[in-house]
Amino acid sequence: MSGRGGYGLVLGGGGARGLAHVGAWQVLEEHGLPPGVIAGTSMGGLVGAFIAAGYSGPELIRISESVSWRRLLDLRPGPGLIRTSSLSAWLAQHLPPTFEELRLPLAITATDMLSGRAVYLTRGNLHEALRATTAYPGAIEPVAVDDMLLSDGGILNQVPVDAALFLGARRVLAVDVTAPDPLELHERRVLLWKREASLGPVRALRRSVEIMQAQLTDARVSLYRPDVLLRPHLGDIDLVSFNRSAQAIRAGRDAALAELPRLSALFG
């Protein structure tokens, strides 16, 4: 692996919102701003793995538009946990099996459901690490690794700036797609006027997780401050809005372009 002299690119989790990372990467690549190390959580870890493997922006866009994300990552909490056989086969088709075969150093976060601690995966089985970091609680089965039971890294570390610093980055660009936008005014009014209306159990659970992750992310980002923090404007794109991939990608691109002078000055 190479590239330890560059900045660290940190890509946060967020399900379908994480497709904004593809647009941000496209801008960085177009303007000659490749990272030296990458760290990611959940969807950010997945996109980060593709970047670390050498995929270009256009290649990632083609992949993101052609794949059935709902088949690979059904993040809707429900009574049954989906199996990861489809995801495993897809990873084997597109990515090398180990971290050591990547072109850039990569750190992926996960959460050990047994000890309650954050875990940083940087070596060995790459596909196993990606299955773990994308294992959304209540929807995808946790992954047993050694004496741990690993699930979604976003439970504890949604935007792992500290992981990039651990890999040797001196400067960090982080992309955060966590922050939930307020419910639209019209929707709030409907919920208030119709007292019998509700968010529904699944949506309420997902909304609760998003709010908790946003609060925890703000605290961690204030502790481990990136040199540049991009927060794409994703509107009402939520965790499972994979049918709006083009909009999410465009939002990531717009966010990077808006900060391009600063990015070029710091990382060029």
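Residues numbered from 1 in each chain as written. Predicted model: local features only at pLDDT ≥ 70, side-chain atom pairs only at ≥ 80, totals over all residues. Heavy atoms only, no water.

Asker: Just checking my understanding: could you explain the pairing of strand E4 (residues 118-121) for this structure?
Answerer: Sheet faces and side chains relate simply in a regular strand, where the side chains alternate between the two faces. Here E4 shows one buried face, formed by Val 119 and Leu 121, and one open face, formed by Ala 118 and Tyr 120. Pairing of strand E3 (residues 106-112) with E4 involves 4 bridges; the strand directions are antiparallel. Counted as the bridge partner of Thr 109 is Tyr 120 from E4. Count of turn residues in the E3/E4 antiparallel hairpin: 5 residues, of which Gly 116 carries a positive phi of about 80°. (Buried < 20%, exposed > 50% of the residue type's maximum accessible area, 1.4 Å probe, protein only. Helix = DSSP H or I, 4+ residues; strand = E, 2+ residues; numbered from the N terminus. Pairing = 2+ DSSP bridges.)

Asker: Would you take a moment to explain helix H11 (residues 260-267) for this structure?
Answerer: Within H11, burial applies to Leu 260, Leu 263 and Phe 267. Taken down its axis, H11 places every buried residue within 60° of arc, on the same side. Residues of H11 that are exposed and angled more than 90 degrees away from the buried face: Pro 261 and Ala 265. Where H11 is buried, its residues meet helix H1 (20-30), strand E7 (172-175), strand E8 (228-230) and helix H10 (245-258). (Arc of directions from axis to C-beta. Contact = heavy atoms within 4.5 Å.)

Asker: I tried to follow the side chain of Asp 176 on my own but got confused; where do I start?
Answerer: Locating Asp 176 in the fold gives a position in the loop between E7 and helix H8 (185-193). At 2.8 Å, the side chain of Asp 176 and the side chain of Arg 231 are in polar contact. Those residues within four positions of Asp 176 in sequence are excluded, and the remaining contacts are Val 159, Thr 217, Leu 229, Leu 230, Arg 231 and Pro 232. (Polar contact = N/O pair within 3.5 Å; in protein donor to acceptor, adjacent residues only side chain to side chain.)

Asker: How do you make sense of the pattern of salt bridges when you look at a structure like this?
Answerer: A side chain with one charge may pair with a side chain of the opposite charge, provided their charged atoms come close. Taken as a whole and assessed by the stated rule, the structure comprises 6 salt bridges. With its nearest N and O atoms 2.9 Å apart, the salt bridge here joins Arg 220 to Asp 162. Taken together, the residues span a long stretch of sequence, with Arg 220 in helix H9 (residues 201-223) and Asp 162 in helix H7 (residues 161-166) at a distance of 58 residues. The exposure class assigned to Arg 220 is partly exposed, which follows from its relative accessible area of 22%. For Asp 162, a relative accessible area of 13% gives the class buried. Salt bridges here are not isolated pairs; linked through shared partners, they connect Asp 176, Asp 218 and Arg 231. (Salt bridge = Lys/Arg side-chain N within 4 Å of Asp/Glu carboxyl O.)

Structural measurements only, silent on function.
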